[in-house]
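Here is what each chain is made of, one letter per residue.
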Amino acid sequence: MAEAYPTPVAGQRLTAALLRSMQPQVAWKTADTSVTATTTPAVDPHLTFSVEASAVYTWVGWVKYDGATGGDVVLSFSVPSGSLGEWAGHGAGITVIGAASTPTLETDTSRTNGYMQRSEANDVTQSRSFGALGVGNALTVFIKGTLRTSTTAGTFALTWAQNASSATATTLYTDSYINLQRIA
């Protein structure tokens, strides 16, 4: 059965805080962020939220990036202690054949063209790597998931780095975003 959070009751005073808790939170990148020669995921400076203890959230988003072929990008999430949940990212796998290929995988006896697509379900703190086609050839990852916090409030944030260390920068671009909605 579908529910709403929070559920106002008859006679309840509608306050700004109550109305605000009903709205989704949206974080978007207001500037490009680049990393070079690092495979240690760090919190993105723009895609960060404060979350409450003992709460349930869903999220959807879109990440635009580019980087060196072979450097790729790895995405994950930082969550408060004890949190559970799952996420999926729909984007190019790390086996990217070439920028000139069509966006479908074609395999025959002499060649393979196209992009391998990733769509696995992941634990909320598990990282996933996505392929890159070189600087100037932007790709995207559509992300969505759930977060169930334990008794600890804290920060929910996208973390990311290069999948393989490269002297060529991997960049997450302006206008990437996450829309977070509390549902319980």
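The rules behind the values
Residues numbered from 1 in each chain as written. Predicted model: local features only at pLDDT ≥ 70, side-chain atom pairs only at ≥ 80, totals over all residues. Heavy atoms only, no water. Buried < 20%, exposed > 50% of the residue type's maximum accessible area, 1.4 Å probe, protein only. Helix = DSSP H or I, 4+ residues; strand = E, 2+ residues; numbered from the N terminus. Pairing = 2+ DSSP bridges. Polar contact = N/O pair within 3.5 Å; in protein donor to acceptor, adjacent residues only side chain to side chain. 1 Å grid on protein atoms, 1.4 Å probe; cavity = no way out; pocket = protein on both sides within 12 Å on 5 of 7 lines; lining within 4 Å. Points joined across faces, edges and corners; volume = space filled by probe spheres on them. Nonpolar A, V, L, I, M, F, W, Y, C, P; charged D, E, K, R; others polar. Phe/Tyr/Trp six-rings, centres within 6.5 Å; stacked < 30°, edge-to-face > 60°. Lys NZ or Arg CZ within 6 Å of the ring centre and 35° of its normal.

**Q** How would you sum up the pairing of strand β15 (residues 177–182)? Please name residues and give values.
**A** Here β15 shows a clear split, with Ile178, Leu180 and Arg182 buried on one side and none of Tyr177, Asn179 and Gln181 buried on the other. Across four bridges, the pairing between strand β1 (residues 25–28) and β15 is antiparallel. Note on β15: the bridge partner recorded for Ala27 is Ile178. Bridging between strand β4 (residues 56–66) and β15 involves six bridges; their strand directions are antiparallel. Bridge pairing in β15 links Trp62 to Tyr177.

**Q** Describe the side chain of Asp72, naming the residues involved and giving the relevant values.
**A** If you trace the backbone, Asp72 turns up in the loop between β4 and β5 (73–78). Of the polar contacts made by the side chain of Asp72, one reaches the backbone nitrogen of Ala132; its length is 2.8 Å.

**Q** With reference to specific residues and values, describe the layout of surface pockets.
**A** Here the largest pocket defines a volume of roughly 210 Å³. Looking at the largest pocket, the residues that line it are Ala17, Arg20, Ser21, Gln23, Gln25, Ser50, Val51, Glu52, Tyr57, Leu180 and Arg182. Listed by contribution, the elements that provide at least two residues to the lining of the largest pocket are α1 (16–22), β3 (42–51) and β15. Here the element with the most residues in the lining of the largest pocket is α1; it accounts for three residues. Per-class residue counts for the lining of the largest pocket are four nonpolar, four polar and three charged.

**Q** Any chance you could break down the packing of aromatic side chains for me, citing the residues and the numbers?
**A** Considering all chains together, one arrives at five aromatic pairs under this definition. On the basis of an interplanar angle of 55° and a centroid distance of 5.0 Å, the ring pair of Trp59 and Phe77 is categorised as tilted. Here Phe77 lies in strand β5 and Trp59 lies in strand β4, a separation of 18 residues in the sequence. Look at Phe77 and Phe156: their rings are 5.3 Å apart centre to centre, the planes differ by 5°, and that puts the pair in the stacked class. With Phe77 in strand β5 and Phe156 in strand β13 (residues 154–161), this pair connects stretches of sequence that are 79 residues apart. Residue classification places Phe77 among the buried positions, given a relative accessible area of 4%. One aromatic cluster is present, formed by Phe49, Trp59, Phe77, Trp87 and Phe156 through successive ring pairs. Lying over the aromatic face of Tyr173, Lys64 brings its terminal NZ or CZ to 5.4 Å of the ring centre.

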